[in-house]
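Each chain is listed here by its residues.
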Amino acid sequence: MAVLSKPLAVPKSGFSPIPVIDMSESDPESKHALVKACEDFGFFKVINHGISAELVSVLEHETVEFFSLPKSEKTLVAGYPFGYGNRKIGRNGDVGWVEYLLMNANLDSGSGPLFPSLLKSPGTFRNALEEYTTSVRKMTCDVLEMITDGLGIKPRNTLSKLVSDQNTDSILRLNHYPPCPLINKKTNGGKNVIGFGEHTDPQIISVLRSNNTSGLQINLTDGSWISVPPDHSSFFFNVGDSLQVMTNGRFKSVRHRVLANGGKSRVSMIYFAGPSLTQRIAPLTCLMDNEDEMLYEEFTWSEYRNSAYNSRLSDNRLQQFERKTTNNNTLLND
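It should be emphasised that the depicted structure is a prediction, and the values quoted were computed from it without experimental measurement. (Residues numbered from 1 in each chain as written. Predicted model: local features only at pLDDT ≥ 70, side-chain atom pairs only at ≥ 80, totals over all residues. Heavy atoms only, no water.)

Colleague: It is not clear to me how the packing of aromatic side chains should be interpreted in this structure. Could you clarify?
Modeller: How two aromatic rings sit relative to each other is set out by the distance from centre to centre and by the angle between their planes. Applying the stated criterion to the full structure yields 10 aromatic pairs. Ring geometry for phenylalanine 66 against tyrosine 84: centres 6.0 Å apart, planes inclined by 70 degrees, an arrangement best described as edge-to-face. Residue phenylalanine 66 is found in helix α2 (residues 53–67), and its partner tyrosine 84 is found in strand β3 (residues 83–89); the two are separated by 18 residues along the sequence. The burial state of phenylalanine 66 is the same as that of tyrosine 84; both residues are buried. Seen in terms of ring centroids, tryptophan 301 and tyrosine 304 are 6.4 Å apart; in terms of plane orientation they differ by 45 degrees. Their pairing is tilted. (Phe/Tyr/Trp six-rings, centres within 6.5 Å; stacked < 30°, edge-to-face > 60°. Helix = DSSP H or I, 4+ residues; strand = E, 2+ residues; numbered from the N terminus. Buried < 20%, exposed > 50% of the residue type's maximum accessible area, 1.4 Å probe, protein only.)

Shown next, in the form of structure tokens:
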């Protein structure tokens, strides 16, 4: 399944390191480095983030325990959009070498994350999920406030309040990529197998961590793909489509994918920071000069989320919301 019929672009071996943001530093230049990372890559790594290594370890252990259950037990919590899924990604034909658990991450709603009460110690899993979500949301808000500082936006919580207010539409996704037997030099020439197909994230920003197994790749502006070295002690951030719109295209929503691994199991946890369903998304006028044109039409997060749910992973979801320039040329994303 999902063996590519054409070869993948070869990652650049001499690629410069992923931008690294040290959250413990008081260096005033850090905020500018963060803005540049969002402009150049739409992707960066955060270190010294203050999130407990023990908490991450407990949640990873409980996640592995869940995915180790028999399929008949895991499918008891299957559903859409939240719940357990296997191979099928969404409703529009996308598949990958992956199984996953998708949960509501809005702790302010009173319901907390959707939780599969199937493990021997479900309270441990639930507590780890809630503590992890709370910690990652705070870190996300800190990063967004650094971004507003770097952009010179006032007030400082212009972006962070969108993902911290009640009724935000944030999601937590746990992915498991089992070792893939299809990757074999003798049987298929060692062709790559897609674990999760190329896409951008629709939300404002996404926060990823994984165990120490490779597979994640990001797409550069020249069209080439580069592998992201795994780092289980750090967090990786993706700029999402909504933040690209709010910065009027200044920040880039990074296209990324995951390749299956032939020998190791990969586990990842992704926090998708989304606004409330009624939140209106449009370019921030404070970032635009008088001569600048708005590149995107205004939309609500609900409208964009529904559009994303009805698309294929690799679709350019923002295209239908792009405005035309005064010379009638349609602006296209990278």
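Once the structure has been displayed, the description carries forward.
Colleague: I'm lost on the sheet that holds strand β11 (residues 256–259) in this one. Help?
Modeller: The strands making up a sheet associate through hydrogen bonds between their backbones, and the pairing can be parallel or antiparallel. Reading across the sheet, the four strands line up as β6-β11-β8-β9 and stay open at both edges, with antiparallel pairing between neighbours. On the outer flanks of this sheet lie β6 (194–199) and β9 (225–227), each paired with one strand and no other. Ignoring strand direction, the axes of neighbouring strands in this sheet form an average angle of 25 degrees. (Pairing = 2+ DSSP bridges. Axes fitted to C-alpha atoms, helices over the stretch in contact; angles between N-to-C directions.)

Colleague: Would you mind going over the nonpolar core with me for this structure?
Modeller: Nonpolar side chains in soluble globular proteins tend to be buried together. Formed by 57 residues in total, the largest nonpolar core has its most connected members in Phe44, Tyr132, Ile147, Leu174, Phe235 and Phe237. Tallying contributions element by element places helix α4 (residues 122–151) first for this core, with 12 residues. For leucine 174, the residues in contact, after removing those within four places along its chain, are Thr63, Phe67, Glu99, Tyr100, Leu101, Met103, Phe125, Leu129, Ser268 and Met269. Counting residues in hydrophobic clusters, the runner-up holds 21 residues, among them Phe196, Leu220, Val254 and Ile270. (Core = buried A, V, L, I, M, F, W, Y, C linked by side-chain atoms within 4.5 Å. Contact = heavy atoms within 4.5 Å.)

Colleague: Got a minute to help me understand the sheet that holds strand β7 (residues 205–210) in this structure?
Modeller: Strand order in this open sheet of eight strands is β1-β2-β10-β7-β12-β5-β4-β3, and the pairing throughout is mixed. The open sheet has two edge strands, β1 (20–22) and β3, and neither has a second partner. Direction aside, neighbouring strands of the sheet carry axes that sit 25 degrees apart on average. Two elements, strand β4 (residues 94–104) and strand β5 (residues 171–177), share six bridges in a ladder whose sense is antiparallel. Bridge pairing in β5 places asparagine 104 opposite isoleucine 171. Packed onto the sheet, α2 meets β3, β4, β5, β7, β10 (235–239) and β12 (266–273) and runs at close to 115 degrees relative to β12.

Colleague: How do you make sense of the packing of α2 against α4 when you look at a structure like this?
Modeller: The geometry of a pair of packed helices is captured by two quantities: the angle between their axes and the separation between those axes. At their nearest, the axes of α2 and α4 sit 9 Å apart, and the two run at 130 degrees to each other. Considering their axes alone, α2 and α4 lie oblique with respect to each other. Judged by the twist between their axes, the crossing of α2 over α4 is left-handed. From α2, Leu55, Val56, Val58, Leu59, Glu62, Thr63 and Phe66 reach across to α4, where they touch Thr124, Phe125, Ala128, Leu129, Glu131, Tyr132 and Ser135. (Parallel < 35°, antiparallel > 145°, perpendicular 65-115°, else oblique. Left-handed = near helix turned anticlockwise from the far one by under 90°.)

Colleague: Teacher, can you tell me more about the environment of serine 52 here?
Modeller: Position of serine 52 among the secondary structure elements: in the loop between β2 (43–47) and α2. Along the primary structure serine 52 and tyrosine 132 are separated by 80 residues, whereas in three dimensions their C-alpha atoms are 8.9 Å apart. Within the structure, the side chain of serine 52 is placed 3.1 Å from the backbone nitrogen of glutamate 54, a separation counted as a polar contact. At 3.1 Å, the side chain of serine 52 and the backbone nitrogen of leucine 55 are in polar contact. (Polar contact = N/O pair within 3.5 Å; in protein donor to acceptor, adjacent residues only side chain to side chain.)

Colleague: Explain the environment of alanine 33 to me, please; I cannot follow it from the model alone.
Modeller: Here alanine 33 shows up in helix α1 (residues 30–40). Owing to a relative accessible area of 39%, alanine 33 belongs among the partly exposed residues under this scheme. When the C-alpha atoms of alanine 33 and proline 19 are compared, they prove to be 8.2 Å apart, with 14 residues separating the residues in sequence.

Colleague: Just checking my understanding: could you explain the confidence of the model for the protein chain for this structure?
Modeller: It should be kept in mind that the predicted coordinates are not to be read in detail where pLDDT is low. On average, residues of the protein chain score 87 in pLDDT, and 85% of them are at 70 or above. A low-confidence stretch, residues 1–15 (pLDDT under 50), is modelled with 34 contacts involving residues beyond four sequence positions or located in other chains. pLDDT under 50 marks residues 327–334. Its contacts with residues more than four places away, or in other chains, come to 16 contacts. (pLDDT = per-residue confidence, 0-100.)

Colleague: Please clarify how α2 should be interpreted in this entry.
Modeller: Every α-helix winds through 3.6 residues per turn, so residues three or four apart in the chain are directed the same way. Helix length check: α2 (15 residues) gives 21 Å between terminal C-alpha atoms against 21 Å at 1.5 Å per residue, within 8%. If you check which residues of α2 are buried, you get Leu55, Val56, Leu59, Glu62, Thr63, Phe66 and Phe67. Buried residues of α2 fall within an arc of 135 degrees about the axis and therefore sit on the same side. Exposed positions of α2 whose direction lies more than 90 degrees from the buried face are Ala53 and Glu54. N-cap assignment for α2: the residue whose side-chain oxygen lies 3.1 Å from the backbone N of glutamate 54 is serine 52. (Expected span 1.5 Å × (residues − 1). Arc of directions from axis to C-beta.)

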